[in-house]
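Working through the structure, step by step
Spelled out from the first residue to the last, the chains are:
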Amino acid sequence: LRGFFPAFFFFSITDPVELKANMQKIRADGYVISSEEVDEGAAAIGFPIFDRKNSIIASLSIAGSKFDVIERTAELVPIVCQTATAINNTINKTIQ
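Residues numbered from 1 in each chain as written. Predicted model: local features only at pLDDT ≥ 70, side-chain atom pairs only at ≥ 80, totals over all residues. Heavy atoms only, no water.

**Examining unusual backbone geometry**
Even without glycine at this site, Glu36 takes up a positive phi of about 55°. Mapped onto the elements of the fold, Glu36 is located in the loop between strand E1 (32-35) and strand E2 (42-50). Although it is not a glycine, Asn54 adopts a positive phi angle of roughly 70°. Residue placement: Asn54 occurs in the loop between E2 and strand E3 (56-65). (Helix = DSSP H or I, 4+ residues; strand = E, 2+ residues; numbered from the N terminus.)

**Description of the pairing of E3**
As defined by bridge partners, E2 adjoins E3 across nine bridges and the pair is classed as antiparallel. Bridge pairing in E3 places Ile49 opposite Ala58. Once E2 ends, the chain turns through five residues before running back antiparallel as E3, passing Asn54 with a positive phi of about 70°. (Pairing = 2+ DSSP bridges.)

**As for the nonpolar core**
A general feature of soluble globular proteins is that nonpolar side chains tend to end up buried together. Ala43, Ile45, Phe47, Ile49, Val69, Leu76, Val77, Val80 and Ala84 together form the largest nonpolar core, which totals nine residues. For this core, the secondary structure elements donating two or more residues are E2 and helix H3 (73-95). Among all residues touching Val80, those that are not within four sequence positions of it are Ile45, Phe47, Leu60 and Ile62. (Core = buried A, V, L, I, M, F, W, Y, C linked by side-chain atoms within 4.5 Å. Buried < 20%, exposed > 50% of the residue type's maximum accessible area, 1.4 Å probe, protein only. Contact = heavy atoms within 4.5 Å.)

By themselves, these are just geometric observations and shouldn't be taken as functional.
What follows is the structure, given as structure tokens:
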């Protein structure tokens, strides 16, 4: 990663080294949690949707107020993960 990344909000990651480290963590975790990186007071949990070649073709996310999403992360991550997994399985069955 090179260059400057504009900030959408105060917590946006703009440093290329920090962004790369964050992307590696997201890949390792298999999902992302965003808190006030784009909008003040907002947070989201997102999971990738893959095709049969394991390329990301979409994403599934849930968003809400920072306080609701972050407070309920332990509850919401498995729900969004299960739903993304079901979508992935359905897409891959349909494509084959």
